[in-house]
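Working through the structure, step by step
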Amino acid sequence: MHSTVRVASLKDHVGATVTLRGWLYNKRASKKLVFLELRDGSGIVQAIASLADIGEAKFAEADHLAQETSLSVTGEVRAHPKQPGVFEIAVKTFDVIGAVAGEYPITPKDHGTDFLMDHRHLWLRSKRQNAILKVRHEIIKAIRDYFDGHDFTLVDAPIFTPNACEGTSTLFETDYHGDKAYLTQSGQLYSEAAAMSLGKVYCFGPTFRAEKSKTRRHLAEFWMVEPEVAFMDLEGDMALAEDFLVSVVGRVLDKRREELKILERDTSHLERVQGPFPRVLYEDAIGVLQRAWDARKAAGTLVTQPDGTVERRPEFGDDFGADEETVISSAYDRPVIVHRYPASLKAFYFKRDPADARLALGMDVLAPEGYGEIIGGGQREDDLATLEAGIAAHKLPREAFEWYLDLRRYGSVPHAGFGLGVERTVAWTCGLPHVRETIPFPRMLNRLGP
Ligand code: 4AD
Ligand code: MG
């Protein structure tokens, strides 16, 4: 028996005979040689089967192997004659583990996105999807390492919840033994409770949004990490978000160069993700949008809607969509933090700015290159009466929030936190145009399968 190894470790076995197990990614053949590209998850290696070495019967079998046949291949590891760091296998023998029934549905020709999404369970095997999954893994690990290394405690939040966190319009309702329950939109309220026990906490899990958004950055199910810190204010929150993001992007650059290369990502954009990130008041961001509007008006390029209405001039109180975020962030080469939004745009739990009651002490981090909001958060209302008024003003069912109000009844303290969406972060770091490829099995407005 020869030792069974993975492609990624071939450099440690040059000259030895080893066994590899994987799937046939691609094949080329000449009269006397068959080149089998074998992938095993850790990498792809070229295994060269020569007629002289394996005999006529095996050679004919190799020549007829179908794409995605699973194989065990035994041979000698050789350094590639021309490419340093690349290894190949001189095949001594091979065995089919699982044959391919008919033709593998995904061929090298161009398939449409819908077709690939319908075959997501197979599409995951492609080089690009494999690279994206590895970057996603690295980001998740970097997130955990950051908080674990900064004295945070992981506290999981429930997925079934009795109440809304981010507003009632985006809730998935479900039956909970005869009662109404909702799939969580955010673990924040629970993180706040945990922060009053542990000081610095984070929750990290799937969250759900039922909004009918069909955009390149909305999923119905996405993963969010949510730190929450007692005695932290908005300034501290922005500083934490900045330090955290620099650390996560730095880790991807450090560990996943190979994958970013496969994805043809221009990493110079990621190298510039260094603090300090610019901080822009919401009101100043509106000013930027107004000047952009004025310029487009002068140039006669304002957009007219199908119903004849012309795009109006942005004003205080407007929310930002993807287009506005792109205009704001395009002035910078790194993430930008927009803060102090109108309270009317924000959820019930935001603390008002003591200096201007129209404003919420909230912030969003916008990624560069048009990727838009990847972090949202802020300082929480810590005063009982003000929070009660907020719940009433948002027409939320008071009973469901009694436990949350307790946090303000028993030793309330200033506190803040934020949520980072994993998929938008993966899309940005990988340079992908759409979040649908950033999660193994995306759930979107029009997709529940496979
Ligand atoms: O801005 P959001 O809605 O904030 C919250 O949920 C807060 N409770 C977080 C907190 O303060 N603890 O969402 C936070 C982030 C967004 O910036 C975005 O990255 C991501 O979650 N996100 C989505 N990602 C994919 N699809 C969606 N539908 C998303 N909605 C939000
Ligand atoms: Mg947000």
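This report concerns the structure included in the present document. Model, not experiment: these values are computed from the prediction.

The rules behind each value
Counting restarts for each chain: residues are numbered from 1 in the order of the written sequence. Here the convention is simple: chains get letters from A, ligands get numbers from 1, in the order in which they are written. Given that this is a predicted model, residues contribute local features only at a pLDDT of at least 70 and side-chain atom pairs are listed and counted only at 80 or more, while totals for whole chains, interfaces and linings are drawn from all residues. As a rule here, side-chain values come from all non-hydrogen atoms in the structure, and water together with hydrogens is ignored. Consider each residue's heavy atoms; a residue with any of them within 4 Å of a molecule or strand counts as near. Any pair of nitrogen or oxygen atoms within 3.5 Å is treated as a polar contact; in protein, a donor-acceptor pairing is required on top of that, and neighbouring residues in sequence qualify only through side-chain atoms on both sides. In these tables, accessible area is a Shrake-Rupley quantity obtained with a 1.4 Å probe, and a residue counts as shielded only by the protein chains included in the view. Here a helix means four or more residues in a row that DSSP labels H or I, a strand means two or more in a row labelled E, and each is numbered from the N terminus. Burial status follows relative accessibility: with a 1.4 Å probe on protein chains alone, a residue under 20% of its type maximum counts as buried, one over 50% as exposed, and anything between as partly exposed. Contact definition: two residues touch when any of their heavy atoms are within 4.5 Å. Only strands that DSSP links by at least two bridges are regarded as paired with each other. The angle between two axes is taken between their N-to-C directions and runs from 0 to 180 degrees, where each axis is a line fitted to C-alpha atoms and a helix contributes only its stretch in contact.

Turning to the site of ligand 1, a few remarks are in order. In the region of ligand 1, 22 residues are neighbours, and E166, Q188, E226, E373 and I374 sit closest. Take I374: an N or O atom from its main chain is 2.8 Å from an oxygen atom of ligand 1. Expressed as a share of its isolated accessible area of 630 Å², the protein-covered part of ligand 1 is 94%. Elements with a contribution of two residues or more to the shell around ligand 1: strand 12 (221–230), strand 18 (372–379) and strand 19 (415–421).

Next up on the list: the side chain of T429. Tracing the backbone through its elements, the reader meets T429 in helix 13 (residues 422–430). T429 sits in the buried class, given a relative accessible area of 0%. Within the structure, T429 has its side chain in polar contact with the backbone oxygen of V426 (distance 3.2 Å). Not counting chain neighbours up to four residues away, the residues in contact with T429 comprise V135, I139, V249, L260, R265 and L270.

Turning our eyes to something else, we now look at the sheet that holds strand 10 (residues 179–183). If you trace the three strands from one edge of the open sheet to the other, you get 8-10-9, paired in antiparallel fashion. Every other strand in the sheet has two partners, leaving strand 8 (160–161) and strand 9 (172–176) as the edge strands with one partner each. Bridge count between strand 8 and strand 10: two bridges; the pairing is antiparallel. Residue pairing in the sheet places F160 in a bridge with L183 of strand 10.

Here we come to the sheet that holds strand 11 (residues 200–208). Taken together, the eight strands give an open sheet; going across it, the order is 7-11-12-19-18-17-14-13, and neighbouring strands pair in mixed fashion. If you trace the sheet from one side to the other, it starts and ends with strand 7 (153–154) and strand 13 (279–281), each paired once. The pairing of strand 13 with strand 14 (residues 336–339) spans three bridges and is parallel. Across the sheet, residue V280 finds its bridge partner in strand 14, namely V338. Across the sheet, helix 9 (residues 282–299) touches strand 13 and strand 14, and the angle it forms with strand 13 is around 80°.

A separate point is the environment of T309. With respect to the helices and strands, T309 occurs in the loop between helix 9 and helix 10 (322–329). What makes T309 partly exposed here is its relative accessible area of 42%. When the C-alpha atoms of T309 and Y371 are compared, they prove to be 28 Å apart, with 62 residues separating the residues in sequence. With residues near it in sequence (within four places) discarded, T309 still touches V303 and T304. Here the side chain of T309 touches D307 through a polar contact of 2.7 Å, side chain to side chain.

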